[in-house]
Amino acid sequence: MKIIDQNVVIDGIDKTILNFLMEDAKRPILEIAKNIGITGAAVHQRLRKLEKSGLIEGSRLIIDPRLLGYKTMAFVGIYLDKAVSNPLAVNKLKEIPEVIECHYTTGNWSIFVKVLCKDNEHLMKVLNKNIQGIEGVSRTETFISLNQQISRQIKI
């Protein structure tokens, strides 16, 4: 993830283009252009500018993991025995495919991760065999998500 020192300035047309694409990234550029009242070339030009600025980090396909059998989502607070263990622990967490997000946090935990598993038994194996086995991890605290109620990007 890039750290950006300055804010990107966007106008109303940029916001409209971004909102269309955030709603449906596969929406045709010419359809967006027609809705806004500008040319397709102008939309492409603005998108290139926004990509170059770092505001747009790319596009990706989003799958529904539940359809692949991943039905248990959990958040795990990881306590490290010392702060210098963080880079080593993060590198080991990157090797665990069920870990889909990792955050360095303030508060009780050193690291907070989002984990996606097939069921509670699978989660238990990931916790006991993978995460708690990482050198420097002293203990974990797990919260199972019963239902994700909001999923969105920041409003622009």
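Here is what the cut-offs are and how they apply
- Residues numbered from 1 in each chain as written.
- Predicted model: local features only at pLDDT ≥ 70, side-chain atom pairs only at ≥ 80, totals over all residues.
- Heavy atoms only, no water.
- Helix = DSSP H or I, 4+ residues; strand = E, 2+ residues; numbered from the N terminus.
- Rg over C-alpha atoms; globule rule 2.2 N^0.38 Å.
- Buried < 20%, exposed > 50% of the residue type's maximum accessible area, 1.4 Å probe, protein only.
- Areas by Shrake-Rupley, 256 points an atom, 1.4 Å probe, with all protein chains shown as cover.
- Contact = heavy atoms within 4.5 Å.
- Patch = residues over 30% accessible without salt bridge, like charges linked within 9 Å, V, L, I, M, F, W, Y side chains within 5 Å.
- Salt bridge = Lys/Arg side-chain N within 4 Å of Asp/Glu carboxyl O.
- Phe/Tyr/Trp six-rings, centres within 6.5 Å; stacked < 30°, edge-to-face > 60°.
- Disulfide = S-S within 2.5 Å.
- Arc of directions from axis to C-beta.
- Pairing = 2+ DSSP bridges.

As recorded in an unreviewed UniProt entry, the protein goes by the name Lrp/AsnC ligand binding domain-containing protein, listed as coming from Zunongwangia pacifica.

Counting secondary structure elements, the protein contains 5 helices and 4 strands. The C-alpha radius of gyration of the protein comes to 20 Å, more than 25% above the 15 Å expected for a compact globule of 156 residues. For the protein, the C-alpha atoms occupy an extent of roughly 60 × 40 × 25 Å along the three principal directions. For the protein, the residues scored as buried account for 31% of the 156 residues in total. As displayed, the protein has an accessible area near 11,600 Å², and 52% of this comes from carbon and sulfur atoms.

To continue, consider the side chain of His122. Topologically, His122 is positioned in helix 5 (residues 120–131). Not counting the four nearest positions on each side in its chain, His122 is found in contact with Tyr70, Glu98 and Cys117.

Glancing now at a nonpolar patch on the surface. A surface patch of nonpolar side chains, amounting to about 270 Å² of accessible area, comprises Met22, Ile154 and Ile156. Summarising the element assignment, Ile154 is placed in the segment after strand 4 (137–145).

Let us look at the packing of aromatic side chains. In this structure the tally under the stated criterion is 3 aromatic pairs. Arranged with centres 6.0 Å apart and planes meeting at 10°, the rings of Phe75 and Phe112 form a pair that is stacked. Taken as a pair, Phe75 in strand 1 (residues 72–80) and Phe112 in strand 3 (residues 111–117) lie far apart in primary sequence, 37 residues in all. Judged by relative accessible area, which is 26%, Phe75 ranks as partly exposed. Relative to Phe143, the ring of Trp109 has its centre 5.9 Å away and its plane inclined at 75°; by these criteria the two rings are edge-to-face. On the criterion of sequence distance, the pair formed by Trp109 in the loop between strand 2 (99–104) and strand 3 and Phe143 in strand 4 is long-range, its members being 34 residues apart.

Now for the environment of Lys26. Looking at where Lys26 falls in the secondary structure, it is placed in the loop between helix 1 (12–23) and helix 2 (29–36). Judged by relative accessible area, which is 73%, Lys26 ranks as exposed. Taking the C-alpha atoms as reference points, Lys26 and Ser59, separated by 33 residues in sequence, lie 9.3 Å from one another.

Inspection of the entire model under this criterion finds 0 disulfides. For the unlinked cysteine Cys102, the closest cysteine sulfur is that of Cys117, found at 15 Å. When its relative accessible area of 34% is taken as the criterion, Cys102 is described as partly exposed.

Within helix 2 the residues assigned to the buried category are Ile29, Ile32 and Ala33. With its buried residues spanning 100° around the axis, helix 2 presents them on a single face. Pointing more than 90 degrees away from the buried face of helix 2 are the exposed residues Leu30, Lys34 and Asn35. Within two residues after helix 2, Gly37 carries a phi angle of roughly 95°, on the positive side.

Attention now goes to the pairing of strand 3. Look at any regular strand and the pattern is simple: side chains alternate between the two faces of the sheet. When you tally the buried positions in strand 3, you get 7 out of 7 residues, the bulk of the element. Where burial is concerned, the two faces of strand 3 agree: the one with Ile111, Val113, Val115 and Cys117 and the one with Phe112, Lys114 and Leu116 are both buried. For strand 1 and strand 3, the ladder comprises 7 bridges, and the chain directions are antiparallel. Counterpart to Phe75 in the pairing with strand 3 is Lys114. In the sheet, strand 2 pairs with strand 3 via 5 bridges, with the strands oriented antiparallel. From the neighbouring strand, His103 faces strand 3, where its bridge partner is Phe112.

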